[in-house]
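Each chain, letter by letter, is given below.
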Amino acid sequence: MNNLLNKGSIIVISGPSGCGKSSLLKEVYKYIDNYYFSISTTTRQIRDGESNGIDYHFVSKEEFEKDIEAGNFLEWAQVHGNYYGTSLKLITEALELKKIVIFDIDVQGHDIVREKLDAITTSVFITTPSLDELSNRLTSRATDTDEVINNRIKNSKIEIQKIQKYDYFIINDNLELASKQLLNVIECSKIKTSLFDKDMIIEKWLSN
Ligand code: ADP
Ligand code: 5GP
């Protein structure tokens with residue numbers, strides 16, 4: 001059946017900074033293959049432990065704005081005061097190779113991807129059991145200043161208002177359970193009816 005797929009599929013993962021998106025994806029990668037994680041471009045400061053080209057492509061504001069002008073992004077947004085964007089070229093190539101393309105992007109980016117590529121997109125919103133727990137995680141991760149953490153907590157109250165726009169909702173309390181749920185969502189995303197070529201399926205089915 002796989003050869004009847006027109007192209008790859010997209011999984012959009014959103015949720016407040018610190019809810020555990022990267023931790024969950026790390027777990028899920030142990031069980032999936034044929035995926036491509038979209039490495040975003042950003043103007044935010046690189047954190048301790050991050051690498052350019054692996055976590056993000058870190059660029060200056062000027063470089064980012066040039067890429068906007070040149071139409072190089074599938075989507076871009078300002079999040080927590082910095083630019084973030086998804087490069088069009090690499091994800092197009094991954095989709096042509098029928099990969100599962102995974103985006104960790106914010107709620108604004110989700111809206112744009114849905115607008116442009118709705119038929120092949122499945123989305124999931126992830127959060128912590130409470131705002132207090134989000135604050136604990138951001139503090140114990142110890143990668144950001146108090147000012148940055150407070151800004152992210154403030155934004156999380158706006159982001160959570162958008163959960164209804166997503167196909168699935170996962171509360172990342174127990175990491176093992178939440179990663180199993182995410183894995184299930186990814187498995188289901190591969191068999192969305194809209195991914196298949198209906199005419200080809202019917203023709204093949206009738207010919208047997
Ligand atoms: P995000 O990618 O959403 O910004 P991270 O994956 O960096 O979030 O997680 C933020 C912090 O919370 C990290 O220190 C991580 O180890 C921790 N964390 C993630 N999931 C859980 C969980 N289920 N329970 C407790 N701590 C968690
Ligand atoms: P962080 O700075 O913690 O890595 O990410 C901050 C926020 O930016 C997260 O909500 C993350 O999902 C979002 N983000 C990361 N890359 C992109 C992107 O390419 N586009 C958009 N719209 N948001 C992004």
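Residues numbered from 1 in each chain as written. Chains lettered and ligands numbered in written order. Predicted model: local features only at pLDDT ≥ 70, side-chain atom pairs only at ≥ 80, totals over all residues. Heavy atoms only, no water.

Visitor: Would you take a moment to explain the site of ligand 1 for this structure?
Guide: Neighbouring ligand 1 are 13 residues; Gly 18, Lys 21, Ser 22, Ser 23 and Asp 173 lie closest to it. One nitrogen or oxygen atom from the main chain of Lys 21 is found 2.8 Å from an oxygen atom belonging to ligand 1. Side-chain polar atom of Ser 23 to an oxygen atom of ligand 1: 2.6 Å apart, as the coordinates give it. When ligand 1 is considered free in solution it has 570 Å² of accessible area, and contact with the protein chains removes 74% of it. For the shell around ligand 1, the element with the most residues is helix 1 (residues 21–28), which contributes three residues. Here the residues of the shell around ligand 1 sort into three nonpolar, six polar and four charged. (Near = heavy atom within 4 Å. Polar contact = N/O pair within 3.5 Å; in protein donor to acceptor, adjacent residues only side chain to side chain. Areas by Shrake-Rupley, 256 points an atom, 1.4 Å probe, with all protein chains shown as cover. Helix = DSSP H or I, 4+ residues; strand = E, 2+ residues; numbered from the N terminus. Nonpolar A, V, L, I, M, F, W, Y, C, P; charged D, E, K, R; others polar.)

Visitor: I'm lost on the domain arrangement of the protein in this one. Help?
Guide: In many reports, interface size means the accessible area that the parts give up when they come together. Looking at the protein, the domain boundaries give domain 1 (2–34 + 99–207) and domain 2 (39–97). Of note, the centres of domain 1 and domain 2, computed from C-alpha atoms alone, are 18 Å apart. Taken over both partners, the interface formed by domain 1 and domain 2 buries close to 1600 Å², and the fraction arising from carbon and sulfur atoms is 60%. For the interface between domain 1 and domain 2, the tally reads one salt bridge. Sorting the residues of the side of domain 1 that touches domain 2 by element identifies strand 1 (9–14), strand 7 (100–104), helix 4 (107–117) and helix 6 (146–159) as the ones contributing at least two each. (Domains from an automatic or database assignment. Buried area = accessible area lost by both parts, 1.4 Å probe. Salt bridge = Lys/Arg side-chain N within 4 Å of Asp/Glu carboxyl O.)

Visitor: Honestly, unusual backbone geometry in this entry has me stumped. Any pointers?
Guide: A positive phi angle is found at His 80, which is not glycine, with a value near 50°. Examined against the element boundaries, His 80 turns out to sit in the loop between strand 5 (73–79) and strand 6 (82–87). For His 80, a relative accessible area of 17% puts it in the buried group. In this structure, Lys 98 takes a positive phi of about 60° despite not being glycine. Structurally, the position occupied by Lys 98 is in the loop between helix 3 (88–96) and strand 7. (Buried < 20%, exposed > 50% of the residue type's maximum accessible area, 1.4 Å probe, protein only.)

Visitor: What is the right way to look at the environment of Val 101 in this model?
Guide: Among the structural elements, Val 101 can be located in strand 7. For Val 101, a relative accessible area of 0% gives the class buried. Measuring from C-alpha to C-alpha, the distance between Val 101 and Val 12 comes to 8.5 Å, with 89 residues separating the pair along the chain.

Visitor: Help me understand the pattern of salt bridges in this model?
Guide: Side chains that differ in charge, positive against negative, can pair when their charged atoms come close. Counted by the stated rule, this structure contains 13 salt bridges. Of the charged contacts, one joins Lys 190 and Glu 187 as a salt bridge, the two residues approaching to 3.2 Å between their closest N and O atoms. Here Lys 190 falls in the partly exposed class, since its relative accessible area comes to 32%. Put simply, Arg 44, Arg 47, Glu 50, Arg 141 and Asp 144 are held in one network by salt bridges that share partners.

Visitor: Just to check I follow, could you spell out the site of ligand 2 for this structure?
Guide: Close contacts around ligand 2 come from 18 residues, with Arg 44, Tyr 56, Tyr 84, Asp 104 and Arg 152 the closest. Within the side chain of Thr 86, one N or O atom sits 3.3 Å away from an oxygen atom of ligand 2. The separation between an oxygen atom of ligand 2 and a polar side-chain atom of Arg 152 is 2.6 Å. Expressed as a share of its isolated accessible area of 520 Å², the protein-covered part of ligand 2 is 96%. Only strand 5 and strand 6 provide two or more residues apiece to the shell around ligand 2. Looking at the shell around ligand 2, its residues break down into five nonpolar, seven polar and six charged.

Visitor: I would appreciate a short explanation of the sheet that holds strand 3 (residues 41–42) in the present structure.
Guide: The strands that make up a sheet pair up through hydrogen bonds in the backbone, lying either parallel or antiparallel. Spatially, 4-3-6-5 is the arrangement adopted by the four strands of the open sheet, whose pairing is mixed. The open sheet is flanked by strand 4 (57–58) and strand 5, the only strands paired with a single partner. Of the strand pairs in this sheet, strand 5 and strand 6 are connected by six bridges, and their pairing is antiparallel. Bridging from a neighbouring strand, Ala 77 pairs with Tyr 84 of strand 6. In the packing of helix 3 onto the sheet, the strands contacted are strand 5 and strand 6, and the crossing angle to strand 6 comes to about 35°. (Pairing = 2+ DSSP bridges. Contact = heavy atoms within 4.5 Å. Axes fitted to C-alpha atoms, helices over the stretch in contact; angles between N-to-C directions.)

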